[in-house]
Amino acid sequence: MYVGTLSFDLLLGDVRSLKEKRSVVRPIVAELQRKYAVSAAETGGQNLHRRAEIGLAVVSGDTGHLTDVLDRCERLVAARPEVELLSVRRRLHSDED
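The present account deals with the structure reproduced in this document. (Residues numbered from 1 in each chain as written. Predicted model: local features only at pLDDT ≥ 70, side-chain atom pairs only at ≥ 80, totals over all residues. Heavy atoms only, no water.)

1. A short note on the overall build of the protein
Under the convention used in this document: Helix and strand assignments follow DSSP, with helices taken as H or I runs no shorter than four residues and strands as E runs no shorter than two, numbered in order from the N terminus. Radius of gyration here uses only the C-alpha atoms, and the compact-globule reference equals 2.2 Å multiplied by the residue count raised to the power 0.38. Working definition: with a 1.4 Å probe on protein chains only, accessible area under 20% of the residue-type maximum means buried, over 50% means exposed, and in between means partly exposed. What makes two residues a contact is simply this: any of their non-hydrogen atoms within 4.5 Å.
Per the secondary structure count, the protein includes two helices and four strands. Here the protein has a C-alpha radius of gyration of 14 Å; the compact-globule value for 97 residues is 13 Å, and the two agree. Along the longest, intermediate and shortest principal axes, the C-alpha atoms of the protein span 45 × 25 × 20 Å. Evaluated residue by residue, the protein yields a buried proportion of 33% over its 97 residues. Considering only contacts within the protein whose residues lie at least 6 apart along the sequence, 72% involve residues at least 24 apart.

Next comes the structure, spelled out in structure tokens:
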């Protein structure tokens, strides 16, 4: 069994309130969950207006499939015009760790 995680550090566009921030972050999280069946959530920067951290995890029995899903998720977030992807942290874990 393998677990892959991604952590995205995002800079949001012209966001002036936490309510506006949620209207940007929630659709990204929902699309990741819907398209790729991953567990995803806003995991950091909840009190900052223009910054967000989104974390996701996926479990697979095959490292090739795991890497493919993580690559697709990263491309989806990077392609969103309303956010700037500042950094991505990727980790792969096996049950032998």
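2. Details of the packing of helix 1 (residues 18-36) against helix 2 (residues 63-78)
For clarity, the cut-off: Note on geometry: axes are C-alpha line fits, over the in-contact stretch for helices, and angles between N-to-C directions span 0 to 180 degrees. By convention, the crossing between two helices is left-handed when the near helix turns anticlockwise from the far helix through less than a right angle, and right-handed when the turn is clockwise. Charged residues are taken to be Asp, Glu, Lys and Arg, nonpolar residues to be Ala, Val, Leu, Ile, Met, Phe, Trp, Tyr, Cys and Pro, and polar residues to be all remaining types, Gly included.
Packing of helix 1 against helix 2 leaves a shortest axis separation of 11 Å and a crossing angle of 150 degrees. Once helix 1 is placed against helix 2, the crossing between them reads as right-handed. Residues Ile28, Glu31, Leu32, Lys35 and Tyr36 of helix 1 form the contact with helix 2, whose own contacting residues are Val69, Arg72, Cys73, Leu76 and Val77. Tallied by class, residues from the contact of helix 1 with helix 2 come to seven nonpolar, no polar and three charged.

3. Topic: the environment of Arg51
Along the polypeptide, Arg51 turns up in strand 3 (residues 51-60). The contact partners of Arg51, leaving out residues within four places of it in the chain, are Asp9, Leu10, Leu11, Leu12, Lys21, Gly45 and Leu86.

4. Points about the environment of Glu42
To keep things clear, this is the line we draw: Under the rule applied, a polar contact is a pair of N or O atoms within 3.5 Å (in protein, one hydrogen donor and one hydrogen acceptor; residues adjacent in sequence only if both atoms are side-chain atoms).
By the secondary structure assignment, Glu42 is in strand 2 (residues 39-44). On a C-alpha basis, the gap between Glu42 and Glu53 in space is 5.7 Å, while along the polypeptide they are eleven residues apart. Polar side-chain contacts of Glu42 include one of 3.1 Å to the side chain of Lys21.

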